[in-house]
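# Structural characterization, general
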Amino acid sequence: QKMDAMSSEVVDTNPYSRLMALKSMGVVSNYERVRDFSVAIVGIGGVGVGVCEMLTRCGIGKVLIYDYDTIELANMNKMFYRPEQAGWNKTMAARHYCSELCPDTIFEVHNMDITHDENRPKLKDTVAHGGVDRKSPVNLILGCVDNLAARQVMEAVSEELQVPFMDAVVADDAMSGHIQLIIPGRTGGLEAAPIKQQMDKRPGVCAASLPTTDSILAGLMAQNVLKYLLGFGEVAFLLSYNAVTNDFQSRMTYPDPRKQPPPAGGDHY
Ligand code: ATP
């Protein structure tokens, strides 16, 4: 704390004090633990930027970011990126922006398409050693992509490494979406969520996108990450949002008994 010369008020300069108040309010028993956790965010577009910024501002220990795309002027309908950044890698721009928000959050960026065969071992290896201690895996894989192929790769890595996978999906008309938490062996997988929203973008049809819907889904995801990691409140397993009707629906998902677990060891994409 220090004195503000202009107003002679005591100014709180500790970036964590408002977060730690959650503890004194009885919401979270040990908020400091947030610094021990690491997440891998795949896709740093409309939803991913919000998740990255919010978790950084919440003091998360480490964020790994994966994306292959560059910023275009057409992306200004999304939060966070600015016109003068056109042409920059999204991963670099995200790190540049977020690294100043929280002094202690570590960033690691990977500029790559996770569905390319040559990149999959690197994805798996970086997730497997992406913990704050650089030895253990990340605590969660966060899917913020816009296609099924990338989601399936994340689900496969999640199963192989037994790391939970939280996926955010926004429908092509930008009017609905959901977040889903997949815990290998304990919940349903991608097949348990509404199939309409899992579809690839229709060829020749440009998907709609709104910063509002993207940011609502980002907020739901970041909130659920904190609840899951810090163990407070009710964790959402499948939480759907309908922007037309203002409807939220939450339900559990269950493993598909017909689905065989992958054999132990080796690569099984
Ligand atoms: P738009 O489709 O509206 O032009 P966008 O491509 O940014 O915008 P979003 O849904 O906002 O789409 O963001 C999804 C993000 O996920 C993008 O930044 C995209 O590059 C990234 N992404 C999608 N597939 C992969 C993949 N296989 N590997 C890495 N990143 C991916």
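We now turn to the structure provided with this report. (Residues numbered from 1 in each chain as written. Predicted model: local features only at pLDDT ≥ 70, side-chain atom pairs only at ≥ 80, totals over all residues. Heavy atoms only, no water.)

When helices and strands are counted, the chain shows six helices and 10 strands. Taking all 269 residues of the chain together, the buried fraction comes to 46%. Accessible surface computed for the chain: about 13700 Å², of which carbon and sulfur atoms make up 53%. (Helix = DSSP H or I, 4+ residues; strand = E, 2+ residues; numbered from the N terminus. Buried < 20%, exposed > 50% of the residue type's maximum accessible area, 1.4 Å probe, protein only. Areas by Shrake-Rupley, 256 points an atom, 1.4 Å probe, with all protein chains shown as cover.)

Here the focus is the pattern of salt bridges. Under the defined criterion, the tally for this structure stands at seven salt bridges. The shortest N-O distance in the salt bridge between Glu53 and Arg57 comes to 2.8 Å. In this pair, Glu53 and Arg57 are both assigned in helix H2 (residues 46-57), four residues apart and thus about one turn of the helix distant. Relative accessible area serves as the criterion here: at 46%, Arg57 is assigned to the partly exposed category. Here Arg82 and Glu84 are joined by a salt bridge, their closest N and O atoms 2.8 Å apart. Under the relative-accessibility criterion, Glu84 is labelled exposed at 54%. (Salt bridge = Lys/Arg side-chain N within 4 Å of Asp/Glu carboxyl O.)

Our focus in this paragraph is the side chain of Ser38. For Ser38, the location among the structural elements is in strand E3 (residues 38-42). On the basis of relative accessible area, Ser38 is assigned to the buried category, the value being 0%. Within polar-contact distance, the side chain of Ser38 engages the backbone oxygen of Gly130 at 2.7 Å. Here Ser38 is in contact with Lys62, Leu64, Gly130, Gly131, Val132, Val138, Asn139 and Leu140, once residues within four sequence places are set aside. (Polar contact = N/O pair within 3.5 Å; in protein donor to acceptor, adjacent residues only side chain to side chain. Contact = heavy atoms within 4.5 Å.)

Moving on, we get to the packing of aromatic side chains. Here the distance between the centres and the angle between the planes together describe a pair of aromatic rings. Evaluated as defined, the whole model comprises three aromatic pairs. Note on Phe80 and Tyr81: the rings are 5.1 Å apart at their centroids and 85° apart in plane angle, and the pair reads as edge-to-face. This pair shows no difference in class: Phe80 is buried, exactly as Tyr81 is. Three or more aromatic residues joined by ring pairs make a cluster, and in this case those are Phe80, Tyr81 and Tyr97. (Phe/Tyr/Trp six-rings, centres within 6.5 Å; stacked < 30°, edge-to-face > 60°.)

Phi angles above zero are rare outside glycine, and Ala174 is one such case at about 60°. Residue classification places Ala174 among the buried residues on the basis of a relative accessible area of 3%. Here Asn246, not a glycine, exhibits a phi torsion of approximately 60°, which is positive.

Attention now moves to the pairing of strand E9 (residues 238-242). Here strand E8 (residues 176-182) pairs with E9 via five bridges, running antiparallel. Its bridge partner being in E9, His178 is matched across the sheet by Ser240. Pairing geometry for E9 and strand E10 (residues 247-251), over five bridges, is antiparallel. Looking at E10, one finds that Asn242 is bridged to Asp247. Between E9 and E10, which follow one another and run antiparallel, lie four residues, and Asn246 among them has a positive phi close to 60°. (Pairing = 2+ DSSP bridges.)

Let us now look at the packing of H2 against helix H6 (residues 211-230). At their nearest, the axes of H2 and H6 sit 8 Å apart, and the two run at 40° to each other. One finds that H2 runs oblique with respect to H6. For the element pair H2 and H6, the recorded crossing hand is right-handed. Every residue of H6 that contacts H2 at Gly46, Val47, Gly50, Val51, Met54 and Leu55 is listed here: Asp214, Ser215, Leu217, Ala218, Gly219, Met221, Ala222, Val225 and Leu226. (Axes fitted to C-alpha atoms, helices over the stretch in contact; angles between N-to-C directions. Parallel < 35°, antiparallel > 145°, perpendicular 65-115°, else oblique. Left-handed = near helix turned anticlockwise from the far one by under 90°.)

Spatially, E5-E4-E3-E6-E7-E8-E9-E10 is the arrangement adopted by the eight strands of the open sheet, whose pairing is mixed. The strands lining the two open edges of the sheet, one partner per strand, are strand E5 (106-111) and E10. Within this sheet the neighbouring strands show an average axis-to-axis angle of 15°, counted without direction. Across the sheet, H6 touches E3, strand E6 (140-143), strand E7 (165-170), E8, E9 and E10, and the angle it forms with E7 is around 165°.

What follows deals with helix H4 (residues 120-128). Considered for burial, the residues of H4 that qualify are Arg120, Leu123, Lys124, Thr126, Val127 and Ala128. Buried residues along H4 sit in contact with E3, strand E4 (62-67), E5, E6 and helix H5 (148-161).

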